[in-house]
Amino acid sequence: MLNIALPKGRLGDKVYELLDSIGYDCRDIYLDNRQLIFENEATGVRYFLVKPSDVAIYVEHGAADIGIVGKDILLESGADVYELLDLHIGKCRVCVAGKNDYREDIGRRLRVATKFVNIAKGYYASINREIEIIKLNGSIELAPILGLSDVIVDIVESGKTLQENNLKVLTEIVPISARFIANKSAYKFKQNEIDTMLAMLADKLEK
Ligand code: PRP
């Protein structure tokens, strides 16, 4: 059995469709219930539905052999896993954003609201800018509007959330897409199964 951690929600739906399309189906996943584990003995897969930000943790600790996760989560967690394939779905960007009329005061320490603390710290260290991090867990866009922070570091996909809140992208830090990851020892013991799946995915992505 291959144990696969799938992110719940938007990205998870797309990823599952992709896996289904190459033969790794598990019909019950389409049932509208609260089940978190789906297994198909015939196809040899067991899916775990986990919070997107937890996928890398399940894989790093070996609770799942493989997982599909956004590059943002991988960068933020620093998880010690193999990153084996870029699936080119779930594309977005991690950006610095601020109010439309934002003017930077370089004489002051910058207050940065984000859930991507490590990505934000890494970016500002790379440009030698002193910052104060304000860690939030969602609706990050509110922070500069309410004066809680000067800027935010967050995911931008369509740009709609920024636009509808009178905010704009100031800098793009890194482009993001979904990645296929594997636990390091699982990749030794289940290399054949994992490589077979990888080859089918790579083939499907080329078409
Ligand atoms: C993410 C991100 C932005 C939004 C960007 O939020 O934090 O708020 O999507 O998408 P857009 O550019 O297409 O508008 P998510 O929906 O993950 O919820 P969150 O507020 O809990 O982070």
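Our structure's up above, just so we're on the same page.
For the structure given in this document, a descriptive report is provided here. (Residues numbered from 1 in each chain as written. Predicted model: local features only at pLDDT ≥ 70, side-chain atom pairs only at ≥ 80, totals over all residues. Heavy atoms only, no water.)

In the vicinity of the ligand, 13 residues are found, and the nearest of them are Lys-115, Glu-141, Asp-154, Ser-158 and Thr-161. A distance of 2.6 Å separates an oxygen atom of the ligand from a polar side-chain atom of Lys-115. Considered on its own, the ligand offers 500 Å² of accessible surface; in the complex 70% of this is hidden by protein. For the shell around the ligand, the elements supplying multiple residues, two or more each, are strand 9 (151–156) and helix 6 (160–164). The leading source of residues in the shell around the ligand is strand 9, at three residues. Residue composition of the shell around the ligand, by class: two nonpolar, five polar and six charged. (Near = heavy atom within 4 Å. Polar contact = N/O pair within 3.5 Å; in protein donor to acceptor, adjacent residues only side chain to side chain. Areas by Shrake-Rupley, 256 points an atom, 1.4 Å probe, with all protein chains shown as cover. Helix = DSSP H or I, 4+ residues; strand = E, 2+ residues; numbered from the N terminus. Nonpolar A, V, L, I, M, F, W, Y, C, P; charged D, E, K, R; others polar.)

Moving on to helix 1 (residues 10–21). With 12 residues, helix 1 should cover 16 Å at 1.5 Å per step; its first-to-last C-alpha distance of 17 Å lies within 8% of that length. Taken together, the buried positions of helix 1 are Leu-11, Gly-12, Val-15, Tyr-16, Leu-18, Leu-19 and Asp-20. Here the buried face of helix 1 lies against strand 1 (2–7), strand 3 (45–50), strand 4 (66–70), strand 11 (178–182) and helix 8 (191–206). Looking one or two residues past helix 1, Gly-23 carries a phi angle of roughly 100°, positive in sign. (Expected span 1.5 Å × (residues − 1). Buried < 20%, exposed > 50% of the residue type's maximum accessible area, 1.4 Å probe, protein only. Contact = heavy atoms within 4.5 Å.)

Strands sit in the order 8-7-9-6-10 across an open sheet of five strands; the sheet is mixed. The outermost strands of the open sheet, each flanked by one partner alone, are strand 8 (131–135) and strand 10 (167–176). Averaged over all adjacent pairs, the angle separating strand axes in this sheet is 30°, with direction ignored. Relative to strand 9, strand 7 (residues 110–114) is paired through three bridges, and the arrangement is parallel. By the bridge assignment, Val-112 is partnered in strand 9 with Val-151. Here helix 4 (residues 117–126) sits on the sheet in contact with strand 6 (92–99), strand 7, strand 8, strand 9 and strand 10, set at roughly 170° to strand 8. (Pairing = 2+ DSSP bridges. Axes fitted to C-alpha atoms, helices over the stretch in contact; angles between N-to-C directions.)

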